[in-house]
Structure formats: structure tokens, C-alpha cells
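# Examination of the molecular architecture
Read off the chains here:
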Amino acid sequence: MLGKRHVYCLLIVFLAFFSVTSSSWANTELKQEGRFVDVEDGHWAKNEIDFLANKQIIHGYEVGGTVQFRPDQMVTRAEAAKMIVSALGQTEWKNGTLSFQDVPASHWAHGWIARAVQLGIMGGDGTTTFRPNDSLSRAEMSVVLVNAFSLPSKGAAVEGAVVFKDTAGHWALRHINRLYYHGIASGRDGQFFPKDDISRAEFATLLARTLDDQFRLPLPDLIEQGKTNIQGTVTTSSLNVRQTPSATGTLVGTLKRGQVVDVYDINGYWAKIAYNGQFAYVHKTYLKLRNMAGSPVKGRIIVVDAGHGGKDSGAMSGGANEKTTVLEVAKLLKEKLEKAGATVVMTRETDVYPTLQDRVDMAKDNYAEMFVSIHTNSATNPSAKGAEVYYDSSTNPNAEESKKLAQYIQEEIVRMANMVDRGVKNSGLYVLRNNNVTSVLVELGFISNSEDRAKLTSAEYQNIYAEAIYQGIVKYYTSQ
Ligand SMILES: [Zn+2]
């Protein structure tokens, strides 16, 4: 049973509670209506402002029973400290000490600034002033957001990129780029305006985007075609798109044959692409990767397979043997490809014999994107002569791509080495059907034919064969 004294106590607690809430009417009302009087429906930053207000990160100004947000008012450095500290779920540090001459203990934001400095968000540049009442610039805002939310790098390549013409060499370039590539900040007409003050509405927008993915800018709007140097064309009827670079990553969609995607990064077998405004991953075996600028083969991983070797001489005739000729051509091809920036994997560089499975394994272990095997032909009829290139459509999933590459190489060999054109042929040769990537087997000519043999054993022609294969590869990578 409650005594009279207890009732009084409850009453006092109730009154105290009520008086506190009554002074916060503005916020309660705001939460219910989700609206500031000066942020009408349709205001470009309304959703972001409401989001932050509901989280009590930003507050309005109470004026005669209404609440204003003052979206166009500039944000001061002191206000920024308070909002960022609040956004991090931290509180002001009332007893924190500051050595800034211009932030006395009596300054309204002293505790917020002390916390911001303690958290390493602001004021870490060793200066003796904080300039609490100065406006925050867009460059400063970039640094503050990156520091406060530890936004990760999107890669060294984009970190130093000049995305905006007015940020080249800017002290905050890395921070500005990081916001850009996270879909948090964009510019206008190719400029970022780093020195400009930031308004409360702009600040709210950037902060909301940082806190919640739903507000982020869609990547295709930010990273227009050409910003990345690699495009991938889907080479299979249906290619799984995953949230993470793993065969067990959450499936977010599929791409169809012929679709073209921007590739932002390649790690092992996984290509990082933009998909529906987000980064996602696909298995690169089913993408034809093309460089949009510079050398068409730069960065491409190509296996050059000199057939036979060691105990296996291959075809022999008239004192010549296949294994020697094809190794010479393979070495010259490697040189040309590497000079153009490709990563070349040789299945052999000396007179040794790797098994056919060893050669396929080398391609897979090195995340190869193309496999080119080099051979010479032989026939009992010495008049048989000419060049031909094989591809496989029995089990190689990139049969169509392989056929295109075969055609380009065949054309170049016939033209440059003046060979009889025996065409391209579909055949389930081991190294073709056991590879998944674009794979061809080149028969340079007939070692059993005296005319072909003269070319196959000549240093001059060996270089022409290598050049022809190289040009065929370049044509493949420069074609759609
Ligand atoms: Zn052979």
C-alpha cells in the first residue's frame, strides 16, 4: 500500500519528467510529422534531413512554436563537430581539455570539440587554433567524414585519380576521391569546389549517405563509362552475379550473353563489376575482358604453350623437329606479348615435356584468360601444306570466343607468312576441351612439306609466325 509520501514522490517525478519533455516539444512534434517548416515536401534534401532529425543527430531552431532547419545556412566547424560526434553515437566530453586558444571552456561546443579531437576526427593538424566559428569547407568535410567513419580505400588506382579538375594535387584529394567512390559526394560540371562552404542541407545529405546505403549515389551515375579501363562482355548464356567474390556468395542477379559491364578490379578469378548501382562480382572466365585505352593486351593473362618437348619431339621430317620450331616461336610470342604489357605463362621454356594435364593446370593455377598452343603439322603425303587453327566446342564453354580467336590468328598467319589457308577447325583436342577459357591450337604449317619446312626452320619466318599470332590476339582483344 502506498503512503502519502510516496504519492508526493511520484508526483514530483512525474512533474519533473513532464517539464523536461515540454521543453523538447519541438523534437517530439518533428518526429511525429517528420517536417521542418522550411524544408517542404520535394526539397532536394528532405529525406536525408528527416532521417538525421529522427535519429536526433541534427536539430532545428525553435521559432515561435515552429521549427526551422535553415537548410541554406553554412555549417560552422563547431556545429560539424557536434553533429559528427552525435552521428557516431558519442556524447560531448564535458571535462575534456583542449589547447586551442579560440575554444575556451565557456564555448558552447567545447565538449563536442574535445570529443571530436579525442576521436581523431578534427583538429589533428597541430595548429593552436580550431576556428570553431569558421564555416566548414567541402574539402574539410571530406576529411572529417573519412576519419570519423573510417571509410575504406577503393584501391590505389582510384585514390589518386583526378576525378574533378579542381582537385588535382589538392591536399584532400584522397579523402575527396574516397567520398566519391563510396557514392557519398559528387561534383558539378566536373568540379568538386573543395574551398566552398558547406550548407546544412548539403552536410545532412553527405552525412545521411555515409550512415545509410539507401542514400548513396548510384555508381553508374558516378563512374561513367570510361572511368575504368576494362570492360567485360559476357560470353555465356547466363552469368551469375554475386555479392562477394566467391562461388557461394549471395546471388544478386544474372547477366546474359553479350551484356557489357565495367570491370573495376580483378582478383584471382573474380571480376568486380558495377551491377544495379552496387559493386558485385562475376567469374572472369565468362567475360571477354577488353582494355578501353592503351595496349589491348596489357594486364591480360595469356598462356603460351609450346607443344611437345623433351622425350616427345613431335613431328619430324627432313632433319627438322616440331618441338624445336614451336619453342622458338613461343619464346618470340612471349617477348611480343610481354612488351605490350601482357602477363605470359609459358608451359615450357626449355626442352622439357609437361603432360597435357600439366599444361591445363598451369592455365588454371595462373588464372589465365587465354590459352594458345603452338604446333606444326605433318602428313604422309608430302604435298600437304598450309596453316590451320583449332578450337573446341565439345566441352570448352568459350567455344565461340575460341573460334573468333582462331579466325583472327589464322588470317594473320596466312597473310603474313603467305601460307595456304586450311581454315579453322573444331576438334576436341585435350588442351582445348580441358580448358575453360578461350583456347586455340595453332598448326603453323607442315613440317613434312619442303616449302613449309623451309619457313618453319627459318629464324626470319619464326618471327613472322610469332608476330602473326600476336597480331591475331591483338585483333581479338580489340574486336567486340
Ligand atoms: Zn604437335
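Here the structure is shown first, and the text comes after it.
Only a predicted model underlies this, so the values are computations on that prediction, with no experimental measurement involved.

For the chain, the count of helices and strands is 16 helices and 17 strands. Looking at the chain as a whole, 51% of its 480 residues are labelled buried. In the chain, the share of contacts with a sequence separation of at least 24, taken over all contacts with a separation of at least 6, comes to 72%. Counting only carbon and sulfur atoms, one obtains 50% of the accessible surface of the chain, whose full area is about 22600 Å².

Once that is clear, we can look at the nonpolar core. Among the nonpolar cores identified, the biggest contains 58 residues, and I49, I84, I113, M122, L145, F203 and L207 are the most heavily contacted of them. At the level of secondary structure, the elements contributing two or more residues to this core comprise α3 (46–54), α4 (77–87), α5 (110–118), α6 (138–149), α8 (173–181) and α9 (200–211). It is α6 that provides the largest number of residues to this core, a total of eight residues.

Right, let's get into the packing of aromatic side chains. Here a ring pair, both rings aromatic, is described through the centre-centre distance and the interplanar angle of the planes. The tally for this structure, following the rule as stated, stands at nine aromatic pairs. Note on F164 and F192: the rings are 5.3 Å apart at their centroids and 45° apart in plane angle, and the pair reads as tilted. One end of the pair, F164, is in the loop between α7 (156–159) and α8; the other, F192, is in the loop between α8 and α9, and 28 residues separate them in sequence. Of the residues examined, F164 reaches a relative accessible area of 4% and is grouped as buried. The interplanar angle of 70° and the centroid separation of 5.2 Å between the aromatic rings of Y476 and Y477 together place this pair among those described as edge-to-face. Of the aromatic side chains, those joined through ring pairs into one cluster are F164, Y180, Y181 and F192. The ring of Y61 has R70 sitting right over it, with the charged end atom 4.0 Å from the ring centre.

As for its position among the elements, E388 is in strand β15 (residues 387–391). A polar atom in the side chain of E388 sits 2.9 Å from the side chain of N377. Within the local environment of E388, its side chain forms a polar contact with the side chain of K425, the two groups lying 2.7 Å apart. Leaving out residues up to four positions away in the same chain, E388 has contacts with N377, Q410, R422, G423, K425, L441, V442 and E443.

Within the first shell, the zinc ion binds the protein through H308 (NE2), E322 (OE) and H375 (ND1), at distances of 2.1 Å. Counting gaps between the donor residues of the zinc ion yields the pattern H-x13-E-x52-H. One end of the pair, E322, is in helix α11 (residues 322–339); the other, H375, is in strand β14 (residues 370–377), and 53 residues separate them in sequence. Just as E322 is buried, H375 falls in that class too.

Closest axis-to-axis distance for the α4/α6 pair is 11 Å, and the angle between their directions is 25°. What the angle tells us is that α4 and α6 run roughly parallel. The handedness of the crossing between α4 and α6 comes out as right-handed. Contacts between α4 and α6 involve R77, I84 and A87 on the former and, on the latter, E140, V144, L145, A148 and F149.

Evaluated as defined, the whole model comprises 22 salt bridges. We note a salt bridge from R300 to E369, for which the minimum N-O separation is 2.7 Å. In this pair, R300 sits in the loop between β9 (287–291) and β10 (301–306) while E369 sits in the loop between α12 (356–365) and β14, placing the two residues 69 residues apart along the sequence. When salt bridges that share partners are traced, they join R77, R131, D134 and E140 into one network.

What counts and what doesn't
Residues numbered from 1 in each chain as written. Predicted model: local features only at pLDDT ≥ 70, side-chain atom pairs only at ≥ 80, totals over all residues. Heavy atoms only, no water. Helix = DSSP H or I, 4+ residues; strand = E, 2+ residues; numbered from the N terminus. Buried < 20%, exposed > 50% of the residue type's maximum accessible area, 1.4 Å probe, protein only. Contact = heavy atoms within 4.5 Å. Areas by Shrake-Rupley, 256 points an atom, 1.4 Å probe, with all protein chains shown as cover. Core = buried A, V, L, I, M, F, W, Y, C linked by side-chain atoms within 4.5 Å. Phe/Tyr/Trp six-rings, centres within 6.5 Å; stacked < 30°, edge-to-face > 60°. Lys NZ or Arg CZ within 6 Å of the ring centre and 35° of its normal. Polar contact = N/O pair within 3.5 Å; in protein donor to acceptor, adjacent residues only side chain to side chain. Donors = N, O, S within 2.8 Å, 3.2 Å for Na, K, Ca; no water. Axes fitted to C-alpha atoms, helices over the stretch in contact; angles between N-to-C directions. Parallel < 35°, antiparallel > 145°, perpendicular 65-115°, else oblique. Left-handed = near helix turned anticlockwise from the far one by under 90°. Salt bridge = Lys/Arg side-chain N within 4 Å of Asp/Glu carboxyl O.

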